[in-house]
Amino acid sequence: MFKRLSETLAAYQKRDPAARSKLEVFLLYPGVHALIFHRVSHWLYCHKLFFLARLNSQIARHLTGIEIHPGAVIGQRFVIDHGMGIVIGETAEIGNDVLLYHGVTLGGTGKDQGKRHPTIGNNVMIACGAKVLGPFKVGDNSRIASNAVVLQEIPPDSTAVGVPARVVRVAGEKVDYAAQVDQIHVTDPVEKEMQAVQSRLEWVERLLEELTKEKMV
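Basis of the calculations
- Residues numbered from 1 in each chain as written.
- Predicted model: local features only at pLDDT ≥ 70, side-chain atom pairs only at ≥ 80, totals over all residues.
- Heavy atoms only, no water.
- Helix = DSSP H or I, 4+ residues; strand = E, 2+ residues; numbered from the N terminus.
- Buried < 20%, exposed > 50% of the residue type's maximum accessible area, 1.4 Å probe, protein only.
- 1 Å grid on protein atoms, 1.4 Å probe; cavity = no way out; pocket = protein on both sides within 12 Å on 5 of 7 lines; lining within 4 Å.
- Points joined across faces, edges and corners; volume = space filled by probe spheres on them.
- Nonpolar A, V, L, I, M, F, W, Y, C, P; charged D, E, K, R; others polar.
- pLDDT = per-residue confidence, 0-100.
- Contact = heavy atoms within 4.5 Å.
- Axes fitted to C-alpha atoms, helices over the stretch in contact; angles between N-to-C directions.
- Parallel < 35°, antiparallel > 145°, perpendicular 65-115°, else oblique.

### Topic: the environment of Glu-173
In step 1: Of note, Glu-173 is situated in strand β16 (residues 173–174).
In step 2: Residue Glu-173 is classed as exposed on the basis of its relative accessible area of 57%.
In step 3: C-alpha separation for the pair Glu-173 and Pro-17, spaced 156 residues apart in sequence, amounts to 28 Å.

Rendered as structure tokens:
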């Protein structure tokens, strides 16, 4: 237990330039406090002491501003930077060396049963305000941008941005969405309808012209 705590404190020092010492991180960082509470809550949850598990997690929420359901599974060297407003759901799974910023939600959509929350791979960074919603996986070494809303699986080594989120980089290479979706030469439905009307008018004019010629003959 103490070895894992030491690894976590070292991870904070590595991730946060403002972290001066392990003692400072241990005493003053709410993310560390939330994780320690969660380890206890998760142990109680696994031993079916559900009320005590939730009670402990709610105490942690009031003290740290970070809400982690006791059922969530969290790997090693988990770092929460700032942390206020983070919510992690019951069936969420988080790998090793993951970094979360404040305002992140690992939640559900309300449409799923059983596994309802995302699985986060190893060495994933999720920036402030991002929402990852649903029972899919975010692949290893991926990055989720600030305020992105992720609603589907993200492959490994990817960067996702936007609402809803889309992958813009894979393994450092840009994904060419312009080649996949031509936003310049999109068919205008109004123009298409006008062309159909024009074609119909031309046909009517030719028909009238032919009828006039027949009468003259």
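### Re empty space enclosed by the protein
In step 1: Applying the stated rule across the entire model yields one cavity of 30 Å³ or more.
In step 2: Space inside the largest cavity adds up to approximately 40 Å³.
In step 3: Taken together, the elements giving at least two residues each to the lining of the largest cavity come down to α3 (30–46) and α4 (50–64).
In step 4: In terms of residues, the lining of the largest cavity owes the most to one element, α3, which gives four residues.
In step 5: Each residue belonging to the lining of the largest cavity can be placed in one class, and the counts come to five nonpolar, three polar and no charged.

### Here we look at the confidence of the model for the protein
In step 1: With 92% of its residues at a pLDDT of at least 70, the protein reaches an overall mean of 88.
In step 2: Averaged pLDDT values for the elements of the protein fall to 46 in helix α5 (residues 177–180) and rise to 97 in strand β5 (residues 93–94).
In step 3: In the model, residues 178–186 has pLDDT below 50 throughout and makes one contact with residues more than four positions away in sequence or in other chains.

### Remarks on the packing of α3 against α4
In a packed pair of helices, the relevant descriptors are the angle between the two axes and the axis-to-axis distance.
In step 1: Their axes nearest at 8 Å, the elements α3 and α4 cross at an angle of 175 degrees. Of the possible angle classes, the one that applies to α3 and α4 is roughly antiparallel. Residues Pro-30, His-33, Ala-34, Phe-37, Val-40, Ser-41, Leu-44 and Tyr-45 of α3 pack against Phe-50, Leu-52, Ala-53, Asn-56, Ser-57, Ile-59, Ala-60, Leu-63 and Thr-64 of α4.
In step 2: Classifying every residue of the contact of α3 with α4 gives twelve nonpolar, five polar and no charged.

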